[in-house]
Amino acid sequence: MATKGTVKGIISNLVIVGVDEPISQNEICYITTNETRLMAEVIKIIGKEVYVQVFESTRGLKVGAEVEFAGHMLEVVLGPGLLSRNLDGLQNDLDKMEGVFLKRGQYTYPLDEETLWEFVPLAKEGDTVTAGDWLGQVDENFQPHKIMVPFKMTGSYTLKSIAPAGRYTVNETIAVVTDEENAELPITMVQRWPVKKSVMAYREKPRPFKLLETGVRVIDTANPIVEGGTGFIPGAFGTGKTVLQHAISKQAEADIVVMAACGERANEVVEIFTEFPHLVDPHTGRKLMERTIIIANTSNMPVAAREASVYTAMTISEYYRSMGLKVLLMADSTSRWAQALREQSNRLEELPGPDAFPMDLSAIISNFYGRAGYVILNNNQTGSITFIGTVSPAGGNLKEPVTENTKKVARCFYALEQERADKKRYPAVNPIDSYSKYLEYPEFEKYISKLISEDWIDHVNEIKTRMQRGKEISEQINILGDDGVPLDYHITFWKSELIDFVLLQQDAFDDVDSVTPIERQKNIMDNIIHLCRMEFKFANFTEVMDYFKKIINLMKQMNYAVFQSEEYHGYEKQLNMLVNERKSA
């Protein structure tokens with residue numbers, strides 16, 4: 001029998017329920033009002049009073065309404081058919097909803113129960129299996145979707161029978177296992193998992209080290225992120241977060257892309273829904289949407305659903321990682337998630353931390369980012385979740401608590417700067433404040449030395465030093481004037497501008513320049529390092545400026561030309577002639 005209770009008090013989305021039987025923290029319950037069942041989650045228990053946060057508007061809810069507890073935490077449904085779905089934070093399929101607005105109390109099933117999937121068994125009768133082991137696979141939008149032993153099944157089991165190759169629906173039994181007491185347990189293609197718990201169906205979680213190519217030079221070259229790495233992009237409105245996010249999700253070397261729009265403005269969410277179905281995947285030539293899942297929550301939806309959406313996205317990502325796939329999870333924006341946590345904390349009358357955020361905000365962010373990573377599965381295959389969150393600090397203030405606490409846990413920091421955006425230097429990632437801690441990992445250094453070259457990290461550090469020196473000289477020129485600094489300073493400054501314009505700036509809307517493979521990035525880097533180390537002779541600072549503007553213009557034209565094409569080699573010849581004009585003997 002399900003535990004029942006009655007509503008005793010209502011404070012916006014926080015409802016106080018009286019109960020007589022034991023209730024679990026984070027348990028799901030349903031409140032009946034005007035023939036509508038509203039879903040809610042237990043967030044605090046004090047004696048016989050339970051505080052629940054409702055995932056929807058509580059308008060019309062009255063004291064005395066009946067509450068029924070489900071006996072489980074907030075769960076997601078996992079199975080084939082999730083790819084190319086548009087879901088909300090509670091995993092409702094938005095395409096099955098009727099009308100423009102979501103109806104209160106209406107919940108839809110995220111999978112298609114009638115579709116027949118072409119099943120191929122991978123395990124055989126008599127095998128010993130544990131949670132997360134692969135029993136078979138189906139083809140889901142050209143991805144090998146593994147059917148696994150449910151994550152909730154603890155201990156070892158013996159595979160008694162498995163369905164032969166054929167076409168089955170998600171709810172048909174495809175395997176039967178027996179436990180240590182010889183009890184039979186049927187397994188279908190569908191399983192459920194609570195969103196607040198990490199999926200631990202792997203053998204080991206080593207430190208990630210493999211470069212995740214994104215085709216964005218300011219990331220791959222200057223501040224690389226790795227498969228299973230974590231990064232975040234803070235930036236004020238208008239600094240290009242959305243374009244950079246789209247570029248990464250479209251171009252990154254990932255099998256699956258999960259987009260979590262967490263409390264974003266409705267127009268930005270609509271942009272994702274309308275643009276993603278039309279984007280062409282540069283790796284396969286098919287639609288990017290085929291390997292994408294969108295989880296959308298707009299800023300006018302209740303805060304409880306906003307908080308749930310990031311956990312739903314992470315759990316789905318963990319499911320696909322357990323199949324040995326590379327998953328890229330993009331959350332936009334984690335600031336809205338933190339605001340939902342703040343609102344919930346305020347309603348519970350907890351002691352506030354800085355800017356009224358919860359005192360344990362740092363631990364919550366750390367635990368969430370910790371769920372990403374590179375794993376070795378029980379069968380020695382590998383899978384990864386690379387998590388990149390965007391932060392929308394109020395007024396572009398990068399010292400506010402969400403940015404500061406995220407900085408402690410994310411290994412890559414891509415600081416979008418208003419000043420660079422105003423100068424139309426896109427992507428507007430500040431080359432000096434941004435960093436990647438993966439450059440310090442010995443495993444990454446060893447990997448990158450084999451992949452690109454042994455002096456790659458030295459070159460990256462040299463470029464960063466030159467950018468820092470260029471910034472310092474720029475400030476001196478602004479104070480003292482062009483005539484007030486030595487000629488060498490002008491040459492050093494313009495060499496830093498060469499790095500900025502040719503390597504760090506990129507056109508996201510050009511077919512060639514938008515995606516730069518790592519081989520081409522090495523070529524650009526080698527050319528720049530060669531020019532920066534070269535000695536030139538000039539009579540005055542005007543000559544320095546005019547000369548370097550010509551070089552920058554030529555090298556930018558090279559970036560727009562197809563790599564190693566006749567046009568590209570033509571620009572290369574012009575560049576060599578230009579360099580020889582001013583080269584010191």
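Cut-off values and rules
- Position numbers for residues start from 1 in each chain and track the written sequence from start to end.
- Selection of residues for local features in this predicted model requires a pLDDT of at least 70, selection of side-chain atom pairs for listing and counting requires 80 or more, and totals for whole chains, interfaces and linings are taken over all residues.
- With hydrogens and water excluded, all non-hydrogen atoms of the structure serve as input to the side-chain values.
- Pairs of strands are assigned from DSSP output, requiring at least two bridges between the strands.
- Secondary structure elements follow DSSP: runs of H or I of four or more residues count as helices, runs of E of two or more count as strands, with numbering from the N terminus.
- Axes here refer to lines fitted to C-alpha atoms; in helices the fit is confined to the stretch in contact. Angles between the N-to-C directions go from 0 to 180 degrees.
- The buried label goes to any residue with under 20% of its type's maximum accessible area, the exposed label to any with over 50%, and the partly exposed label to all in between, with areas taken from a 1.4 Å probe on protein chains only.
- Here a cavity means grid points, on a 1 Å grid over the protein atoms only, where a 1.4 Å probe fits yet cannot get out; a pocket means an open set of points with protein on both sides within 12 Å along at least five of seven lines; lining residues are those with an atom within 4 Å of a point.
- Grid points are joined across faces, edges and corners, and a volume is the space filled by probe spheres set on the points.
- For this classification, Asp, Glu, Lys and Arg are treated as charged, while Ala, Val, Leu, Ile, Met, Phe, Trp, Tyr, Cys and Pro are nonpolar and the rest, including Gly, are polar.
- An automatic or database domain assignment provides the domain bounds reported here.
- Confidence of the predictor at the level of single residues is captured by pLDDT, which takes values from 0 to 100.
- Here a polar contact is taken to be a pair of N or O atoms separated by no more than 3.5 Å, where protein atoms must pair a possible hydrogen donor with a possible acceptor and residues adjacent in sequence count only if both atoms sit in side chains.
- Residue contacts follow a heavy-atom distance rule, with two residues in contact if any of their heavy atoms lie within 4.5 Å.
- For classification, angles of less than 35 degrees are called roughly parallel, those exceeding 145 degrees roughly antiparallel, those between 65 and 115 degrees roughly perpendicular, and all remaining angles oblique.
- To obtain the arc, one takes the directions from the helix axis to the C-beta atoms.
- What counts as a ring pair is set by centres within 6.5 Å for rings of Phe, Tyr and Trp (its six-membered ring), and what kind of pair is set by the plane angle: stacked under 30 degrees, edge-to-face over 60, tilted for all other angles.

A few points about the sheet that holds strand 3 (residues 27–33)
Backbone hydrogen bonds are what pair the strands of a sheet, in a parallel or an antiparallel way. Strand order in the closed barrel made by the six strands is 1-2-5-4-3-6, with antiparallel pairing throughout. Across the sheet, the mean angle separating the axes of adjacent strands is 45° when strand polarity is ignored. Two elements, strand 1 (residues 4–11) and strand 2 (residues 14–19), share six bridges in a ladder whose sense is antiparallel. Considered in strand 2, the bridge of Ile 10 is made with Val 15.

Some words on the sheet that holds strand 15 (residues 175–178)
Taken together, four strands build an open sheet; the order of strands is 10-13-15-16 and the sheet is antiparallel. Bordering the open sheet on either side are strand 10 (128–129) and strand 16 (184–187), each of which pairs with just one other strand. Sheet topology places strand 15 next to strand 16; four bridges connect them, and they run antiparallel. In the sheet register, Val 177 faces strand 16, and the bridge partner there is Leu 185.

Quick look at the pairing of strand 18 (residues 230–234)
Each regular strand shows side chains that alternate between the opposite faces of the sheet. Of all five residues in strand 18, five are buried, a share of seventy percent or more. Where burial is concerned, the two faces of strand 18 agree: the one with Thr 230, Phe 232 and Pro 234 and the one with Gly 231 and Ile 233 are both buried. Bridge count for strand 18 against strand 23 (residues 382–391) is five bridges, and the pairing is parallel. By the bridge assignment, Ile 233 is partnered in strand 23 with Thr 390. The pairing of strand 18 with strand 24 (residues 412–413) spans two bridges and is classified as parallel. Bridge pairing links Phe 232 to Phe 413 in strand 24.

Considering the layout of surface pockets
Any space left empty among the atoms is revealed by the rolling of a water-sized probe across them. Estimated volume of the largest pocket: approximately 850 Å³. Around the largest pocket, the lining is made up of 32 residues, and of these Val 100, Phe 101, Leu 102, Thr 298 and Met 301 lie nearest the centre. Taken together, the elements giving at least two residues each to the lining of the largest pocket come down to strand 8 (86–88), helix 3 (266–275) and strand 20 (292–298). For the lining of the largest pocket, the per-class residue count stands at 16 nonpolar, nine polar and seven charged. Each of domain 1 (4–73) and domain 3 (217–437) contributes no fewer than three residues to the lining of the largest pocket. Taken as a whole, the second largest pocket holds about 580 Å³ of empty space. If you trace the second largest pocket, you find 24 residues lining it, with Lys 423, Lys 471, Ser 474, Phe 493 and Glu 497 closest to the centre. At the level of elements, helix 8 (418–422), helix 10 (456–480), helix 11 (487–504) and helix 13 (541–560) are the ones that each hand at least two residues to the lining of the second largest pocket. It is helix 10 that contributes the most residues to the lining of the second largest pocket, seven residues altogether. Grouping the amino acids of the lining of the second largest pocket by side-chain chemistry returns eight nonpolar, six polar and 10 charged. Per-domain counts for the lining of the second largest pocket show at least three residues from each of domain 3 (217–437) and domain 4 (456–582).

Describing the confidence of the model for the protein
In the predicted model, the protein carries a mean pLDDT of 92, and the fraction of residues at 70 or more is 98%. Ranking the elements of the protein by mean pLDDT puts helix 3 last with 73 and strand 22 (residues 373–376) first with 98.

A short note on the side chain of Thr 239
Summarising the element assignment, Thr 239 is placed in the loop between strand 18 and helix 2 (241–251). For Thr 239, the side chain forms a polar contact with the main-chain oxygen of Ala 236, separated by 2.6 Å. Setting aside residues up to four positions removed in sequence, Thr 239 forms contacts with Leu 416, Glu 417, Gln 418, Ala 421, Tyr 426 and Ala 428.

Some points on the packing of helix 11 against helix 12 (residues 518–532)
For the pair helix 11 and helix 12, the least separation of the axes is 10 Å and the interaxial angle reads 170°. Taken together, the axes of helix 11 and helix 12 lie roughly antiparallel to each other. Residues Lys 495, Leu 498, Ile 499, Val 502 and Leu 503 of helix 11 pack against Ile 524, Ile 528, Leu 531 and Cys 532 of helix 12. For the contact of helix 11 with helix 12, the per-class residue count stands at eight nonpolar, no polar and one charged.

Structural notes on the domain arrangement of the protein
Structurally, the protein comprises domain 1 (4–73), domain 2 (117–192), domain 3 (217–437) and domain 4 (456–582). Taking only C-alpha atoms, the centre of domain 2 and the centre of domain 4 are 57 Å apart.

Brief notes about empty space enclosed by the protein
In the structure shown here, the tally under the stated rule is three cavities of 30 Å³ or more. Here the largest cavity is characterised by a volume of approximately 50 Å³. Around the largest cavity sit Val 502, Arg 520, Asn 523, Ile 524, Asn 527, Met 555, Met 558, Asn 559 and Tyr 568, which together line it. For the lining of the largest cavity, the elements supplying multiple residues, two or more each, are helix 12 and helix 13. Broken down by element, the residue count for the lining of the largest cavity peaks at four residues, all from helix 12.

Focus on helix 6 (residues 361–370)
Listed as buried for helix 6 are Leu 361, Ile 364, Ile 365, Phe 368 and Tyr 369. Along helix 6, the residues classed as buried sweep out an arc of 125° about the axis, all on the same side. Structurally, helix 6 contributes buried residues whose contacts are with strand 18, helix 4 (303–321), helix 5 (334–347), strand 23 and helix 7 (401–409).

Re the packing of aromatic side chains
The description of two aromatic rings rests on the distance between their centres and on the angle between their planes. Inspection of every chain in the model, using the stated rule, returns 23 aromatic pairs. Geometrically, the ring pair formed by Phe 232 and Phe 413 is tilted, given 5.1 Å between the ring centres and 35° between the ring planes. Of the two residues, Phe 232 sits in strand 18 while Phe 413 sits in strand 24, which places them 181 residues apart along the sequence. What makes Phe 232 buried here is its relative accessible area of 0%. Relative to Tyr 435, the ring of Phe 413 lies with its centre 5.4 Å away and its plane at 40°, an arrangement referred to as tilted.

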